[in-house]
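Report on the structure
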Amino acid sequence: MTALEDLVRDAYAAAETCGPAIAPPLDDRPRRRRGPHLRHRFAVPVAAAATVGLITTGVFQLVRTEPEPGGLRTLSGPLATNELWIYLCAHSSMNPACRGRDTTPEDRAAIGRSLRDRPEVISVAYVSPEAEFAEFVRDMRSRGDEAVARGVRPGDLPPSFRVTVGDPRDVPGLRAALTGMPGVDTVIAEN
Amino acid sequence: MGELYQRHALGLIRLARLMVGDTPTAEDVVQDAFLGLHGKRHALRDPGDALPYVRSAVLNRCRSVLRRRSVAGRFLPSYEPPVWSAEEGALQSAEHRQVLAAIAELPRRQREVLALRYYCDLPEEEIARTLKITRGTVSSTTARAIASLAQLLEKDS
């Protein structure tokens, strides 16, 4: 590694510090000056889904940067390795398997039942879109991300199941079993 | 898709920003690349393929942006000053700004290789896959880029 290579690396790192801190949602930000090259063919249908991505990013950053010892069930608590978040399909989901529809009550009930029936699962909590929204806005405001909080609308967040398993080694198997189930958009297991 | 976006969008925006110079365009480029994934279900089915695919897509879109700017730049409103320019003022260190400005003068392929290697810390094999070139080309392009950079910086100083 030469001194010049080190300098290039440092310069890139410096450029990063003045770059964006969080990825934006697709359409929930004020229009800025843009070139004429932009085509957002799917902008409207996926805007909310991208917001979900942003939100999840924000949540994980929050989890990583502000651990609160002892808290397991809240968004601002540490995300244990034995926890899975199962996001359900919403009309804004990007997952083609969701077909742009909200999870039906029947599918939701079936997912909940199959979770509770599994011996490795200790607890299952359903989080409604309204609860996700309220919690997210509160957490973003508490860390000073007012712009992010304002950019999210009720209904942008899909419902989810938060699942805790007794043994973290069961997480990959459970994740595989849930992925692809009717009504499931994304399964997130963050270590 | 949501997970891929959540994990990699920010890093890709930063990469795109190094190529195109400003954050709004970089954000658009990355969003556009993710939207492009919509029609590439094979990439989504194999998560191992999705990131290299979207990284290539981001760089391809950066090329399109730069090409359009170079052709139509005179007739269009100017875009935000690039991060490495003096008027942008975001970079505190004059030396870092000088290095980034010198990198901006390099040919496009050399800039891509430098960013993937020294910013994304990708191994040669991954860079080759992303840019669809051979490992030998990655290696020789990097060497040429560093040599040109040394010359440019010497000229400036």
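For the structure itself, consult the block above.
Okay, so let's go over this structure. (Residues numbered from 1 in each chain as written. Chains lettered and ligands numbered in written order. Predicted model: local features only at pLDDT ≥ 70, side-chain atom pairs only at ≥ 80, totals over all residues. Heavy atoms only, no water.)

1. Some thoughts on the overall build of chain A
Formally: By the criteria applied, helices consist of DSSP H or I runs no shorter than four residues and strands consist of E runs no shorter than two, each listed in order from the N terminus. Relative accessible area decides the class of each residue, using a 1.4 Å probe on protein chains only: under 20% of the type maximum gives buried, over 50% gives exposed, and in between gives partly exposed. For this analysis, residues touch if any pair of their heavy atoms sits within 4.5 Å. To be clear on the numbers: accessible area is Shrake-Rupley with a 1.4 Å probe, and residue cover counts the displayed protein chains and nothing else.
Secondary structure summary: chain A contains 6 helices and 4 strands in total. In sequence order, chain A lays out its α and β elements as α-α-β-α-β-α-α-β-α-β. Counting all 191 residues of chain A, 49% fall into the buried class. Of all intrachain contacts in chain A linking residues separated by at least 6 positions in sequence, the fraction that spans at least 24 positions is 73%. Carbon and sulfur atoms make up 55% of the accessible area of chain A, which totals about 9200 Å².

2. Overview of helix α7 (residues 124-131) of chain B
For an α-helix, the turn length of 3.6 residues means that residues three or four places apart are oriented alike. All names here are of chain B. Short version of the rule: Regarding the arc, it is the one traced by the directions from the helix axis to the C-beta atoms.
Residues of α7 that are buried include every one of I127, A128, T130 and L131, and no others. Down the axis of α7, the buried side of the element spans an arc of 165 degrees, and every buried residue falls inside it. Looking one or two places after α7, you find K132, whose phi comes out positive at around 55 degrees.

3. Details of the packing of aromatic side chains
Residues and elements named next belong to chain A. Convention followed: Here the aromatic set is Phe, Tyr and Trp, taking the six-membered ring for Trp, and pairing holds for ring centres within 6.5 Å; pairs whose planes are under 30 degrees apart are stacked, those over 60 apart are edge-to-face, and all others are tilted. Here, a charge over a ring means that NZ of Lys or CZ of Arg falls within 6 Å of the ring centre while also lying within 35 degrees of the ring normal.
All told, the structure shown has 3 aromatic pairs over all chains when counted by the stated rule. Note on W85 and Y87: the rings are 6.5 Å apart at their centroids and 75 degrees apart in plane angle, and the pair reads as edge-to-face. Like W85, the residue Y87 is buried in the burial classification. One Lys or Arg, R162, reaches over the ring of W85 and ends 4.4 Å from the middle of that ring.

4. A look at the packing of helix α6 (residues 108-119) of chain B against α7(B)
Residues and elements named next belong to chain B. How we decide: Helix axes are fitted only over the stretch in contact, all axes being lines through C-alpha atoms; the angle between N-to-C directions runs from 0 to 180 degrees. Any angle that is under 35 degrees is reported as roughly parallel, and any over 145 degrees as roughly antiparallel; angles of 65 to 115 degrees are reported as roughly perpendicular and all others as oblique. Here a crossing is taken to be left-handed if its near helix is turned anticlockwise relative to the far helix by less than a right angle, and right-handed if that turn runs clockwise.
Axis separation between α6 and α7 bottoms out at 10 Å; the angle between their running directions is 135 degrees. In terms of orientation, α6 and α7 fall into the oblique class. In this structure, α6 meets α7 at a crossing whose hand is right-handed. Contacts from R109, E112, V113, L116 and R117 of α6 reach α7 at E124, I127, T130 and L131.

5. Considering the pairing of strand β1 (residues 83-88) of chain A
Residues and elements named next belong to chain A. The condition is simple: Being paired, for any two strands, means DSSP has found at least two bridges between them.
Of all the 6 residues making up β1, 6 are buried; the element is thus mostly covered by neighbouring parts of the structure. Pairing of β1 with strand β3 (residues 160-165) involves 5 bridges; the strand directions are antiparallel. From the neighbouring strand, E83 faces β3, where its bridge partner is T164. One ladder, built from 4 bridges, connects β1 with strand β4 (residues 184-188); its direction is antiparallel. The residue bridging Y87 from the neighbouring strand is T186, located in β4.

6. A word on unusual backbone geometry
Residue and element names in this part refer to chain B. Located in the positive-phi region is D121, a residue other than glycine, with phi close to 55 degrees. By the secondary structure assignment, D121 is in the loop between α6 and α7. Of note, the phi angle at K132 is positive, near 55 degrees, even though the residue is not glycine. Along the polypeptide, K132 turns up in the loop between α7 and α8 (135-156).

7. What to know about the state of the cysteines
Residue and element names in this part refer to chain A. Just so we agree on the cut-off: Two cysteine sulfurs form what is called a disulfide whenever their separation falls within 2.5 Å.
As enumerated under the stated definition, the model contains 1 disulfide over all chains in all. Here C89 connects covalently by a disulfide to C98, the sulfurs 2.0 Å from one another. Between C89 and C98, the S-S dihedral sits near -70 degrees, and the bridge is therefore left-handed. Overall, C89 belongs to the buried group, its relative accessible area being 5%. C98 sits in the buried class, given a relative accessible area of 5%.

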